[in-house]
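# Architecture and fold: a report
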Amino acid sequence: MTPEYQKETLAIHAGQKPDEKTGARAEPIYMTTAYVFKDAKEAAGRFDLSVPGNIYTRLTNPNNTSYETRMAAVEGGTAAISTSSGMAAISTVILALTNPGDEIVSADNLYGGTFEFFNLTLPNFGRTARFVPSNDLKALKNAINEKTRAVYFESIGNPKLDIPDFEEIAKIAHEAGVPFIVDNTIGIGLVRPLEHGADLVVISATKYANGHGTALAGVIVENGKFPWDNGKFPKFTEPDPAYKGLVHYPTFGVSTVSMSIRISLMRDLGATLSPFNAWLTSIGLETLYLRVGRHAENALVIARHLASHEKVAWVNYPGLMGHPSEKNRDKYFGGSGGPILTFGVKGGFDAAVTVQNNVQLISLLANIGDAKTLIIHPASTTHQQLSEEERISTGVTPDTIRLSVGLENPLDIIADLDHALSLI
Ligand SMILES: Cc1ncc(COP(=O)(O)O)c(C=O)c1O
């Protein structure tokens, strides 16, 4: 695969060519746990990493390798490691970069699961997250200290739907000698954070990368530029006793994070992606650019319709004129407002419940990034476990309804919403 191809071509071809043995154009599925060694010498060589090749699917599998190659190409990175889910990608990357006593600084407008991981679970591992308002760069600067090991943002806050100023945040992180991590779950196909200063991208490929709601998957992609030998990341620069004193950064170079995670945290924690899910997601990626464009077109049509609807109190869609993220949308997303919108109905919580109970085409469920349009009430579901104050900071009010706009004809989505709204 030559890297000169455009991103739309890479999404279809990167990581996969016709099968040499059978001629199969589509990728065969390698549902195997382990791989035969030619002899004892090759077996020993694979284990001490001197002979490249597969050992066991917890570490590598051909389907996972092609998925990782394709994801790295789509995000414009140098290397990637697949994970069993988006949360596995997030937890694994944070554990890889930090030691007990370390901190991260994160935007406060996160997906509820990530917020709870940072807020409640991470302290059990001896690490702390400091939250700052997603639009307050001064607060970000002030929250970074000697213990900080990463700065974390989402490319579009879920469900606040604000877009950060990647380049300014990257500057602040880099001045402090720490990497900038972006969750690009919702922005995939619309923005490449690694081209705007991010050092690592984490993605729940369960959503738009897959595109059809068929499989959990995650990935960590790196850009190979961060200087891991600045004294803050001993895991990458001190001898690893598990591999006869191997030092990860000089050995793995632009693949340091991916390889270090593969040979240590994947070995130890085993948050490995199923090869079948890797295969499904690789196929999903082939239509990524078609889908994200259409998702955004449909979302804009629906946002405009809802904005003038008599039963609707407010609409939050980054594609609308005058949206608070307008500048960053135009700078980083080429003007696209993305695939998700939120709105509030007059009548608050009860009216929101009526809408959810009366949609027919639209599915009431906790997911985003399906070809089908999905609806949810975050305050009573995805963000239920947060305090009132935390909910507000993540952009969730009692009347917020989130719509993951699908690929249906938008007229049908509008008719379904209108019918449900008429019953308030
Ligand atoms: C922005 C974002 N990041 C991460 C996740 C977690 O991904 P997964 O469900 O694949 O673990 C989600 C899930 O909704 C999400 O919306």
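Computed from a predicted model, the values in this text were never measured in an experiment.

## Regarding the site of the ligand
Not every one of the 16 residues close to the ligand is listed here, only the nearest: Ser85, Gly86, Met87, Ser204 and Thr206. Listing elements by their share of the shell around the ligand, those giving two or more residues are helix 4 (86–97) and helix 5 (112–121). A class-by-class count of the residues in the shell around the ligand yields five nonpolar, nine polar and two charged.

## Structural notes on the environment of Ala271
Mapped onto the elements, Ala271 comes out in the loop between helix 10 (256–269) and helix 11 (275–286). Residue classification places Ala271 among the buried residues on the basis of 20 C-beta atoms within 10 Å. Between the C-alpha atoms of Ala271 and Gly53, which are 218 residues apart in sequence, the distance is 20 Å. When sequence neighbours within four positions are dropped, the list of residues in contact with Ala271 reads Thr83, Ser84, Ala88, Thr92 and Met266.

## Some thoughts on the nonpolar core
If you look at the biggest cluster of nonpolar residues, it comprises 112 residues, and the most contacted ones within it are Val93, Val151, Ile181, Ile220 and Leu341. Looking at this core, the element that brings in the most residues is helix 12 (residues 288–307), giving nine residues. Of the residues that make up this core, three or more belong to each of domain 1 (7–30 + 61–285) and domain 2 (289–422). Ignoring any residue separated from it by four or fewer positions in sequence, one finds Val151 in contact with Val105, Leu140, Ile169, Ala173, Val178, Phe180 and Ile181.

## A closer look at the packing of helix 4 against helix 10
Where helix 4 meets helix 10, the axes come as close as 11 Å, and the angle between the chain directions of the two elements is 95°. In this view, helix 4 runs roughly perpendicular relative to helix 10, as classed from their interaxial angle. From helix 4, Thr92, Leu95 and Ala96 reach across to helix 10, where they touch Val257, Ser260, Ile261 and Leu265. Here the residues of the contact of helix 4 with helix 10 are counted per class, giving five nonpolar, two polar and no charged.

## Overview of the domain arrangement of the protein
Considered domain by domain, the protein is made up of domain 1 (7–30 + 61–285) and domain 2 (289–422). Summarising the inter-unit geometry, the C-alpha centres of domain 1 and domain 2 are found 27 Å apart. With 29 residues of domain 1 at the interface, the matching set in domain 2 holds 33 residues. Those elements that provide at least two residues to the side of domain 1 that touches domain 2 are helix 1 (7–13) and helix 5. Looking at side-chain class alone, the side of domain 1 that touches domain 2 contains 13 nonpolar, nine polar and seven charged residues.

## Details of the sheet that holds strand 4 (residues 148–154)
Consider a sheet: its strands pair through backbone hydrogen bonds, and that pairing is either parallel or antiparallel. Taken together, the seven strands give an open sheet; going across it, the order is 1-7-6-5-4-2-3, and neighbouring strands pair in mixed fashion. One side of each edge strand has no neighbouring strand; the edge strands of this open sheet are strand 1 (79–83) and strand 3 (128–132). Between one strand axis and the next, the sheet turns through 20° on average, direction left out of account. Across three bridges, the pairing between strand 5 (residues 180–183) and strand 6 (residues 200–204) is parallel. Pairing of Asp183 across the sheet is with Val202, part of strand 6.

## Thoughts on the pairing of strand 5
Burial along strand 5 is two-sided: Phe180 and Val182 and Ile181 and Asp183, pointing in opposite directions, are all buried. Alignment of strand 4 against strand 5, held across four bridges, turns out to be parallel. The residue bridging Val151 from the neighbouring strand is Phe180, located in strand 5. Handedness of the β-α-β unit built from strand 4, helix 7 (residues 166–175) and strand 5 comes out right-handed.

## Points about unusual backbone geometry
Put simply, Asn158 and Pro159 share a cis peptide bond, and its omega is 10°. Mapped onto the elements of the fold, Pro159 is located in the loop between strand 4 and helix 7. Although it is not a glycine, Lys244 sits at a positive phi angle of roughly 50°. Position of Lys244 among the secondary structure elements: in the loop between helix 8 (234–237) and helix 9 (248–252).

## Let's talk about the pairing of strand 9 (residues 340–345)
The buried fraction of strand 9 is high, at six of six residues. Alternating positions in strand 9 separate into two faces, Ile340, Thr342 and Gly344 on one and Leu341, Phe343 and Val345 on the other, with burial throughout. With five bridges connecting them, strand 9 and strand 12 (residues 400–404) associate as antiparallel partners. Residue pairing in the sheet places Leu341 in a bridge with Leu403 of strand 12.

## What about the sheet that holds strand 11 (residues 374–376)?
An order of 8-9-12-11-10 is seen for the five strands of this open sheet, with the pairing classed as mixed. In this open sheet, the two edge strands, each paired with only one partner strand, are strand 8 (312–316) and strand 10 (363–364). Here strand 11 pairs with strand 12 via three bridges, running antiparallel. Residue pairing across strands places Leu374 opposite Ser404, the latter belonging to strand 12. The sheet strands contacting helix 12 are strand 8, strand 9 and strand 12, and the helix crosses strand 9 at an angle near 15°. Its contacts with the sheet place helix 14 (residues 348–358) against strand 9, strand 10, strand 11 and strand 12, and it is angled at close to 125° to strand 9.

## Brief notes about helix 11
The first and last C-alpha atoms of helix 11 sit 17 Å apart over 12 residues, in line with the 16 Å expected at 1.5 Å per residue. Here helix 11 lies mainly inside the structure; nine of its 12 residues are buried. Looking at the buried side of helix 11, the elements it contacts are helix 1, helix 3 (62–75), strand 1 and helix 12.

Cut-offs applied
Position labels on residues start from 1 in each chain and follow its written sequence. Given that the model is predicted, a residue must reach a pLDDT of at least 70 before its local features are reported, and side-chain atom pairs must reach 80 or more before they are shown or counted; all residues, however, enter totals for whole chains, interfaces and linings. Defining nearness, a residue is near a molecule or strand when the C-beta atom obtained from its backbone falls within 6 Å of it. Put simply, DSSP H or I for four residues or longer makes a helix, DSSP E for two residues or longer makes a strand, and each gets a number counted from the N terminus. Each residue is assigned to one of three groups, with Ala, Val, Leu, Ile, Met, Phe, Trp, Tyr, Cys and Pro labelled nonpolar, Asp, Glu, Lys and Arg labelled charged, and all others, Gly among them, labelled polar. Burial is judged by counting other C-beta atoms within 10 Å of a residue's own C-beta: 20 or more means buried, 12 or fewer means exposed, and anything between counts as partly exposed, with every C-beta placed from the backbone. For the purpose of contact definition, each residue receives a C-beta atom placed from its backbone, and two residues are in contact when these atoms lie within 7 Å. Under the definition applied here, buried Ala, Val, Leu, Ile, Met, Phe, Trp, Tyr and Cys residues are grouped into a nonpolar core through C-beta atoms within 7 Å. Source of the domain bounds: an automatic or database domain assignment. Every angle, taken between N-to-C directions, lies between 0 and 180 degrees, and every axis is a line fitted to C-alpha atoms, over only the stretch in contact when it is a helix. For classification purposes, angles smaller than 35 degrees are called roughly parallel, those larger than 145 roughly antiparallel, those between 65 and 115 roughly perpendicular, and all remaining angles oblique. Strands are treated as partners if at least two bridges between them are detected by DSSP. With the strands pointing away from the viewer, any crossover whose connection runs clockwise from the first strand over the helix to the second is right-handed. Expected helix span is computed as 1.5 Å times (number of residues minus one).

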